Amino acid sequence: MSQIPKNFEAKQVEEKWYSYWMQHDFFHSEPDRREPYTIVIPPPNVTGVLHMGHMLNNTIQDVLIRRARLKGFNACWVPGMDHASIATEAKVVAKLKEEGIDKNSLSREEFLSHAWEWKEKYGGIILEQLKKLGASCDWQRTKFTMDPHMSEAVIKVFVDLHKKGLIYRGYRMVNWDPQAKTTLSDEEVIYEERQGNLYYLAYPIQGSDEKVIIATTRPETILGDTAICVNPNDERYKHLKGKKAIVPLADRVVPIIEDEYVDIEFGTGCLKVTPAHDENDKVLGDKHDLEVIDIFNEDATLNAYGLHYKGKDRFVVRKEITEELGSKGYLVKVEQHVNKVGTSERTKAVIEPRLSDQWFLKMEGLAKPAIEAVLETEEVRFFPKKFVNTYRHWMENVRDWNISRQLWWGQQIPAYYYSDGKEDLVVAETKEDALRLAQERTGDSGLTMSDLRQDEDVLDTWFSSWLWPISVFDGIRDPENEEIQYYYPTNDLVTGPDILFFWVARMIVAGYEFKDEHPFSNVYLTGLVRDKQRRKMSKSLGNSPDALKLIEDFGADGVRVGLLLSSAAGNDLLFDEALCQQGKNFANKIWNAFRLIKGWQVDETIKQPEHSKIGLQWFEAKFQKALSEIEDHFSKYRISDALMAIYKLVWDDFCSWLLEIVKPAYQQPIDKVTYDKVISLLEDNLRILHPFMPFLTEEIWQHISEKTPEEALIVDQWPSQHGHDGQLIKDFELAMEVVSGIRTIRKEKNIAFKDQIALFVLNAEKTTTLLDAMVKKLGNISEVAYVEGKVEGALSFRVRSNEYFIPIMGSIDVEGEVSKLREELGYTEGFLASVRKKLSNERFVSNAPEKVVALERKKEADALAKIATIKASLENFQ
RNA sequence: GGGCGCGUAGCUCAGUUGGUUUAGAGCACUUGGUUUACACCCAAGGGGUCGGGGGUUCGAAUCCCUCCGCGCCCACCA
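Residues numbered from 1 in each chain as written. Chains lettered and ligands numbered in written order. Predicted model: local features only at pLDDT ≥ 70, side-chain atom pairs only at ≥ 80, totals over all residues. Heavy atoms only, no water.

**Student:** Would you mind showing me how to read the sheet that holds strand 7 (residues 189–204) here?
**Tutor:** Either a parallel or an antiparallel arrangement is found when strands of a sheet pair, and the pairing is made through backbone hydrogen bonds. Ordered by their spatial adjacency, three strands build an open sheet running 8-7-13, and the pairing between neighbours is antiparallel. Sheet topology places strand 8 (211–216) and strand 13 (331–344) at the edges, where each strand pairs with a single neighbour. Here the average twist between neighbouring strands, direction ignored, is 20°. Alignment of strand 7 against strand 13, held across 13 bridges, turns out to be antiparallel. Counterpart to Asn-197 in the pairing with strand 13 is Gln-336. (Pairing = 2+ DSSP bridges. Helix = DSSP H or I, 4+ residues; strand = E, 2+ residues; numbered from the N terminus. Axes fitted to C-alpha atoms, helices over the stretch in contact; angles between N-to-C directions.)

**Student:** How do you make sense of the sheet that holds strand 30 (residues 794–799) when you look at a structure like this?
**Tutor:** Ordered by their spatial adjacency, four strands build an open sheet running 29-28-31-30, and the pairing between neighbours is mixed. Both outer strands of the open sheet, strand 29 (781–787) and strand 30, are each paired with one neighbouring strand and no more. Between one strand and the next, the sheet's axes are offset by a mean angle of 25°, whatever the strand orientation. Helix 23 (residues 769–779) contacts strand 28 (757–762) and strand 29 of the sheet and is inclined by roughly 140° relative to strand 29. (Contact = heavy atoms within 4.5 Å.)

**Student:** Got a minute to help me understand the pairing of strand 23 (residues 520–525) in this structure?
**Tutor:** Within a regular beta strand, the side chains point alternately toward one face of the sheet and then the other, so they alternate between its two faces. Most of strand 23 is tucked away, with five of its six residues classed as buried. The pairing of strand 15 (residues 381–383) with strand 23 spans three bridges and is classified as parallel. Within the sheet, the bridge partner assigned to Phe-383 lies in strand 23 and is Tyr-524. Pairing of strand 22 (residues 490–495) with strand 23 involves five bridges; the strand directions are parallel. Looking at strand 23, one finds that Thr-495 is bridged to Leu-525. Following the backbone out of strand 22, through helix 15 (residues 500–515) and into the adjacent parallel strand 23, one traces a crossover that is right-handed. (Buried < 20%, exposed > 50% of the residue type's maximum accessible area, 1.4 Å probe, protein only. Right-handed = clockwise from strand over helix to strand, strands pointing away.)

**Student:** Explain the protein's contact with RNA strand B to me, please; I cannot follow it from the model alone.
**Tutor:** If you check the shell around RNA strand B, you find 60 residues, and the closest are Asn-592, Trp-651, Tyr-666, Tyr-827 and Phe-831. Sugar and phosphate atoms form 63% of the subset of RNA strand B atoms that lie within 4 Å of the protein. In this structure, a sugar or linking oxygen belonging to RNA strand B sits 2.5 Å away from a side-chain N or O atom of Asn-592. Separating a base oxygen of RNA strand B from a side-chain N or O atom of Tyr-666 is a distance of 3.5 Å. Listed by contribution, the elements that provide at least two residues to the surface near RNA strand B are strand 13, helix 10 (387–396), helix 17 (577–598), helix 19 (639–662), helix 22 (726–748), helix 24 (814–840), helix 25 (842–847) and helix 26 (850–877). Top contributing element to the surface near RNA strand B by residue count: helix 17, with nine residues. Looking at the surface near RNA strand B residue by residue, the class counts come to 21 nonpolar, 22 polar and 17 charged. (Near = heavy atom within 4 Å. Polar contact = N/O pair within 3.5 Å; in protein donor to acceptor, adjacent residues only side chain to side chain. Nonpolar A, V, L, I, M, F, W, Y, C, P; charged D, E, K, R; others polar.)

**Student:** Could you clarify how one ought to interpret the nonpolar core in this entry?
**Tutor:** Membership of the largest hydrophobic core comes to 212 residues, with the highest contact counts inside it found for Leu-361, Phe-463 and Trp-466. The element best represented in this core is helix 19, accounting for 15 residues. By size, the runner-up hydrophobic cluster in this structure holds 27 residues, among which are Ile-214, Val-254, Phe-296 and Leu-302. (Core = buried A, V, L, I, M, F, W, Y, C linked by side-chain atoms within 4.5 Å.)

**Student:** What am I meant to see in the pairing of strand 11 (residues 252–258) here?
**Tutor:** Relative to strand 11, strand 9 (residues 227–230) runs parallel, the two being bridged by three bridges. Paired with Val-230 across the two strands is Glu-258, which belongs to strand 11. Across four bridges, the pairing between strand 10 (residues 244–247) and strand 11 is antiparallel. Following the sheet pairing, Lys-244 is matched in strand 11 by Pro-255. Hairpin geometry of strand 10 and strand 11 is characterised by an intervening segment of four residues between the two adjacent antiparallel strands and by a positive phi of about 65° at Leu-249.

Okay, here's the thing in structure tokens:
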């Protein structure tokens, strides 16, 4: 035994087995006759580094995939990365800036070559980090959303949807990120409450001395005002009908229009209309046919309409224009006002509503089958279920998806303009096809490639990732290929609820649209990882632990267990390093159980002791019981409950009870029957533990006996279920309570374990001699003797209706014993009273099911018997 | 403003369609322990009027109402 280290040393073991598994291709999957079990990874950003969320996510996926592998499925976990347009482009722009290169000085092609260079050099660190966690991904299948084949699929889908009339170009109000100079989808905008001001401005009425007061939060936008609007039912403004107002500073004359949209109660009940910079104003503008004046440049500085503020940033202008309005007498008052400001999820910049030409995907029709799949057919099930509501709400009110982004990094939209007209375009997979189409359309066969100009925009990154479960198997380009037929639909998807709309919902949509089938059967939504104070983990707070450091400190298995121990699906995980410590301790516990067993000398001539026999039978029953509970937990995606069940099985039942029972005396050999059985039970434990703690279990597995690669634990078999002896478990519990009673008395009376004691039993409930053997062993009892009456000069305790006596040397602390007995009596009498209260209620006896009443009667009888015993003992002392 | 969910031991959570001892687990805590697998350990133990109030029922942590507190999602008024 001395050659086996006392503590489990995770580090070298992890490296050893990961490369062993890789070397033998155990993570790799090819279609075969087995049933497939497939997971596609939520592709992390190519710019990403491993954080706690990834750790949790991928640990869960690895648990599922390893378990499926053990269950004999052809397990395939496809890894990959997302090109993350905005994030990556921002990174590359920043890096170029450091090198003194301005993005605007580069051509698109030049920029893209820098971007690819960046990607090759820095991208995908995260995948290497996942290996440290033990993720058993099929790395031969690693995909990137901008791989040529993946991009081709994206383009193909765009063309297809365009043909179906679902993609259209619209001049619309979009969320504009002035920092990234691109559009964001509604989902990428985060609203934050900010303390701002409500400015009350006076607009002169044309041809009169009267002024009308208007409240606004964005005074700089007055330069884009093209109307004033009041509610037609507002008596205060009736007389203004048909008149015109003059916009301060701009001196523009604008109409005063009436619309019920205006809230009479808010502000002054009078609204300035700026169609270019507010969604609602745009609607009003369209309705009343108003002029649209855009006052911003694309970086949200003011353009020529900004007059003398031209070139200044909107927030600078807000401050300065307020002062100017004040000095010229237009500013009536300023009130504090809390309003919600949209900010970019990625750049944090304040979003401006902006009108621009964008590409949209019609969602309403596409959403239908995806709604059905989750709400009606349940072809796709969510865990936890509560997210179904969230999903429905969003999907039933889904808006058209703005899929264009004003960036270069991504798939360029395959639309080609053949003239200066905005609508003079064709959509095609290749430029050659586009030319043909353009020639047909115009009837001008003289049109050449150089007459075509491709749309500058790229597609939203989610427009590639919504195809992920299909495109990783090349199912868009080649729908009949063997892989897509075999692996699709995939089984489980594990991701965070924050991308339920961005990604999950859209994948379901794409699944039905392009494969006519659900993309996955189950969606496991994890919670967010928070710190102990419930704060979200974030870089800026600096409360996110270094993932790799954690693995270093606690071992990958320890971290995996730590993360899983408290992560019920959909519940936030309050991360605490103590949990990883618990995981590490658990690893060490198992390691030492193994060391103990490995150290035993086997003697084939020894007969199996009775206590070992019963102990092994009992553990087998316990194992089977636990196994069925574990299966049940897995079926409900209660991963942490499954782990906890295994934790208790291994620590309490296997180590604390079974091993103590079968353990031979110091330096004594063990019989072969027991030894072999213990080994096989240990192996079963390792099998069910393996998905959670792959490294530790493989290490022990291969230490137990020499194994060929085919016999590695990772590709072994999950134990089979075959029922269990429930009665044995119950009987054993009685014996356990007896052992516990003996230990209590030993502790109270300071009787060392090595001193043997005698145990007398006044027996009402039957026990078997096998169990007595177990009690003898664990209690270090010289003999278990059955008696007819109370034993004098002994300490006693009761388990169920049996009474146990331990004679002790010296005098007994009568007072102490009596008070203990009185306490026990008090409790039991209280209990009896509560039972009798029920039983004396006639309506209970007549209405409750027979079974329930019978149970109460049994409780009553047991309590009475126990009370009699305690009273008798008390009399003995008096 | 609309919707969803949650409040059970110091902490994190179980508690399936109301009925198995006067509610469970893990961690933490207390006490004792150098027993030759493990102090990253062993053993024993304390701790909750199930957010408050009301109701339905023979019986409520579990169902209904209401109040209080918390979280999330959606929409958004200048």
